[in-house]
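Working through the structure, step by step
What follows is the residue order along each chain.
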Amino acid sequence: MNRIILSPPFSNIYPNIKGTTRIVGTYTLHKRKGMYRVLSTLRKTKFGWLNKVGLRNPGIAKFNKKNAIVSIALQNTDEWPEFLEILKEKKQKYNIKGIEFNVSCPNHDVANITNEIIKEAKTALNLVIVKIPHNSSKESINKFCKSNADMLHISNTKKTNKGALSGRSLIDQNLLDIIYVRENFGYSKKIIAGGGIYYFEDLILYKKAGADYFSLSTTLLNPFKVFNIIKKSRYL
């Protein structure tokens, strides 16, 4: 897995780029119209970027991205057996690299996952990532660290009364959460740091806190910055 990760929603419209790993989605079991299209709701503020996408997607049966990790969200745990069968069918055809459970979309309620679900996902898809909510409680972080997931993705966007906030305002809390995981659970879990990465210096901050991988999302709106980060990341 490459250190630089391209994350949803903008990774869905990016090609596979040498030196990066792509996570695509987030997919629900059935088609969701969501709230709005991402580009029509994206707004820049002094705190970051706001969106109201709400897991808009065609449903997992329509998944057709090659050589990527698939991000999914369960609306209830009863959906998992059907989800799993579809993913097993598509794994070889599309060379699915792993699965990310998005348990934290600010614009839509998603069900939590059980350790049994994580075990089954690991057996079928090898790599399991859990993308956690921004500013998660210590109790939640502890639970995910004790799970069978291979990696934690810290973190998703921040929930506000105007939508999901991404960008640099997420960095400080994410750094604290990464440090908390390292101080309390050592290196038992790999960590993907995501939120506000626009410059190589942001990678350094996250790496010093204990992150192993780094995800880009709203940065993907600026291809020049993306390629600059990819180029410089080899010096980490």
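Residue numbers run consecutively from 1 along every chain, following the written order of its sequence. Residues qualify for local features only when their pLDDT is at least 70, as the model is predicted, and side-chain atom pairs are given and counted only at 80 or more; totals for whole chains, interfaces and linings, by contrast, use all residues. With hydrogens and water set aside, each side-chain value is computed from the structure's full complement of heavy atoms.

**Some thoughts on the environment of His-134**
Helix and strand assignments come from DSSP, with helices taken as H or I runs of at least 4 residues and strands as E runs of at least 2, each series counted from the N terminus. Mapped onto the secondary structure, His-134 falls in the loop between strand E7 (128-131) and helix H4 (138-145). For the pair formed by His-134 and Gly-195, sequence separation is 61 residues and the distance between their alpha carbons is 9.4 Å. Whenever two N or O atoms come within 3.5 Å, that pair is a polar contact, provided that in protein one can donate a hydrogen and the other can accept it, and provided that, for residues adjacent in sequence, both atoms are side-chain atoms. Among the polar contacts listed, one links the side chain of His-134 to the side chain of Ser-155, at a separation of 3.2 Å.

**Observations regarding the nonpolar core**
By nonpolar core we mean a set of buried residues, namely Ala, Val, Leu, Ile, Met, Phe, Trp, Tyr and Cys, connected to one another through side-chain atoms within 4.5 Å. Burial classes: relative accessible area under 20% of the type maximum marks a residue as buried, over 50% as exposed, and values in between as partly exposed (1.4 Å probe, protein chains only). Judged by nonpolar contacts, the single largest core of 59 residues is most densely connected at Ile-60, Trp-80, Ile-99 and Phe-101. We call two residues contacting when some pair of their heavy atoms lies within 4.5 Å. Setting aside residues up to four positions removed in sequence, Trp-80 forms contacts with Ile-72, Leu-74, Ile-99, Phe-101, Ile-117, Glu-120 and Ala-121. With eight residues, the next largest nonpolar core counts Ile-23, Ile-69, Met-151 and Tyr-213 among its residues.

**A short note on the pattern of salt bridges**
Here, a salt bridge means any Lys or Arg side-chain nitrogen found within 4 Å of an Asp or Glu carboxyl oxygen. Within the structure shown, the criterion is met by four salt bridges. Close ionic contact of Arg-168 with Asp-202 constitutes a salt bridge, the shortest N to O distance being 2.9 Å. With Arg-168 in the loop between strand E10 (163-166) and helix H5 (171-185) and Asp-202 in helix H6 (residues 200-209), this pair connects stretches of sequence that are 34 residues apart. Relative accessible area serves as the criterion here: at 39%, Arg-168 is assigned to the partly exposed category. Here Asp-202 falls in the buried class, since its relative accessible area comes to 4%.

**Topic: unusual backbone geometry**
Going from Pro-8 to Pro-9, the amide bond is cis rather than trans, its omega being 5°. Of note, the bond from Gly-25 into Thr-26 is cis; its omega dihedral lies within 30 degrees of zero at 0°. By secondary structure assignment, the location of Thr-26 is in strand E2 (residues 20-27). Even without being glycine, Asn-67 reaches a positive phi, approximately 60°.

**A look at the confidence of the model for the protein chain**
Per-residue confidence from the predictor is reported as pLDDT, which spans 0 to 100. Averaged over every residue, the pLDDT of the protein chain is 89; the share at 70 or more is 84%. Ranking the elements of the protein chain by mean pLDDT puts helix H1 (residues 38-41) last, at 54, and strand E1 (residues 4-6) first, at 98.

**Some details on the sheet that holds strand E8 (residues 151-154)**
Strand order around the closed barrel formed by eight strands is E1-E2-E5-E6-E7-E8-E11-E12, with parallel pairing between neighbours. The sheet shows a mean angle of 25° between the axes of neighbouring strands, direction not considered. For two strands to pair, DSSP has to find at least two bridges joining them. Where strand E5 (residues 69-72) and strand E6 (residues 98-102) come together, four bridges link them in parallel fashion. When the bridges of E6 are listed, Ser-71 appears paired with Glu-100. Contacts between helix H3 (residues 115-125) and the sheet are confined to E6 and E7, with E6 contributing the most and set at about 155° to the helix. Packing of H6 onto the sheet brings it into contact with E1, strand E11 (190-194) and strand E12 (213-216), and relative to E12 it is tilted by some 140°. Where helices are involved, their axes are fitted lines through C-alpha atoms of the stretch in contact, as for all axes, and angles between N-to-C directions lie from 0 to 180°.

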